[in-house]
Amino acid sequence: MEVQSAVELFESSFGRKATVAAKAPGRLEILGNHTDYNDGITLSCAVGQATEFAMAPVEGKTCSIISSMTGEITEFDLDNIDEAIKGDWTNYVKGVIMQLRKRGFEVPAFQAAVHSTVPLSAGMSSSAALEVAAGFAFSKAFDIELSGTEWAKVGQGVENEYIGLGSGLLDQFSSVFGKKNSLIYSDFRTNEVIRNVDVPEGYALVVANSLVKHDLVDSDYNVRRESCMNVAAKMSELHFDVKALRDVTPEVLEASKKLHDPIDYRRALHVVGECDRVIKGVDALEKGDLTTFAYLLSQSHVSSMENFDNSCEELDVLCELSKGHDACVGARLSGGGFGGISIHLVKEDQAEEYCEYIEKAYESKMGKKTETIICSIGEGASVEVL
Ligand code: GLA
């Protein structure tokens, strides 16, 4: 494992050696938008971009963390972390400590250094990467044994209970269970990886960042979730076997259209459609049917625009421009939405040329920049004692 940057930062900042180093990747959501908190299914992957967390225990009650982003050391007292402080990035670490306390584990004081290559607030799960990296580091430093799924739930608990975002498990789960060079097909009812799915040979995933900050806590994320729950509740009154939107087919939902608030209905249509597209998408990839898979990616974005209303002009333009270059077979927004990134499935040998194309075309249309990344598919989180 290479966690050199955080390890070096630790040593130069604290004048001693770190004892444990962990690394957790960001993720891309390939298909299955907003399905996770509806007990649904997703196709995702971990990326090469990751967050490193190097640490060593220290006496007392004061924790000190340095970030390579700010170059500053932030301190907090373990007796004073009950409430998150708005805008403080160390909330994601303090929240992990709180979640562990809830599970009966006390995290003693420590010094830590954090270095991350995951773009912030972009839809690549920089916060989940930090939560998982911190959790994995604590597991080795303080002998805390939890399953991979439980570590993912610790991270989700930070979002749900400390930060105030009603997110699902996708981000942390992908960061824990990602597999190098493969997509993971996951079930968020059983919280299991169903199986790994190969990326089409000769294709790469290009990220084009709208650079519209997607701060999900201040977005309508929780409102979207509420709409999904409203429709699921009504559907379960009608059909005893419906526990969540995951159990509703597009046809059954359509037949009940009149019963729902029109906006809630469109939100549910997106989720139900996404679950359907995940099944069809996995099937298409496994049969080598790239045309169908690419079509599903595009349909997913259309549904975000028309039904879920979690896109924005910048993301729509990026996806529209993708059609103007024959290297790209399909594009969609990825992650929570309301800004953040789009993903583009692109012929590998033309990926660089495609990035140049999209950057130029976007700037000339929008008068502002996009940032592109040719993403490698990374391995899930790891930790080592140094
Ligand atoms: C964010 C959330 C995830 C998931 C996605 C949308 O990334 O954190 O739980 O809901 O949005 O699929």
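Below is a short write-up of the structure. (Residues numbered from 1 in each chain as written. Predicted model: local features only at pLDDT ≥ 70, side-chain atom pairs only at ≥ 80, totals over all residues. Heavy atoms only, no water.)

Focus: the overall build of the chain
Piece 1. Scanning the chain for helices and strands turns up eleven helices and twelve strands.
Piece 2. Relative to a compact globule of 386 residues, whose C-alpha radius of gyration would be 21 Å, the chain shows 21 Å and is just as compact.
Piece 3. Summarising its shape, the C-alpha atoms of the chain cover approximately 60 × 50 × 40 Å along the three principal directions.
Piece 4. By residue count, 57% of the 386 residues in the chain fall in the buried class.
Piece 5. Pairs at least 24 residues apart make up 73% of the contacts formed inside the chain by residues separated by at least 6 positions.
Piece 6. With the model as given, the accessible surface of the chain reaches about 16300 Å², and the carbon-plus-sulfur share is 48%.
Piece 7. When the 36 positive and 60 negative side-chain charges of the chain are each reduced to one mean point, those points stand 3 Å apart. (Helix = DSSP H or I, 4+ residues; strand = E, 2+ residues; numbered from the N terminus. Rg over C-alpha atoms; globule rule 2.2 N^0.38 Å. Buried < 20%, exposed > 50% of the residue type's maximum accessible area, 1.4 Å probe, protein only. Contact = heavy atoms within 4.5 Å. Areas by Shrake-Rupley, 256 points an atom, 1.4 Å probe, with all protein chains shown as cover. Lys, Arg positive; Asp, Glu negative; His and termini not counted. Charge placed at Lys NZ, Arg CZ, Asp CG, Glu CD.)

Digging into the site of the ligand
Piece 1. Close to the ligand lie 14 residues, the nearest being Glu29, His34, Asp36, Asp171 and Tyr221.
Piece 2. Aspartate 36 has a polar side-chain atom sitting 2.5 Å from an oxygen atom of the ligand.
Piece 3. The separation between an oxygen atom of the ligand and a polar side-chain atom of tyrosine 221 is 2.5 Å.
Piece 4. If the ligand stood free it would expose 310 Å²; the protein chains cover 97% of that surface.
Piece 5. Given that more than half its atoms are within 2 Å of the pocket grid, the ligand belongs to the largest pocket.
Piece 6. Across the shell around the ligand, the residue classes break down as three nonpolar, seven polar and four charged.
Piece 7. A domain-level breakdown of the shell around the ligand finds at least three residues from each of domain 1 (4-198 + 378-385) and domain 2 (203-375). (Near = heavy atom within 4 Å. Polar contact = N/O pair within 3.5 Å; in protein donor to acceptor, adjacent residues only side chain to side chain. 1 Å grid on protein atoms, 1.4 Å probe; cavity = no way out; pocket = protein on both sides within 12 Å on 5 of 7 lines; lining within 4 Å. Sits in = over half its atoms within 2 Å of the grid points. Nonpolar A, V, L, I, M, F, W, Y, C, P; charged D, E, K, R; others polar. Domains from an automatic or database assignment.)

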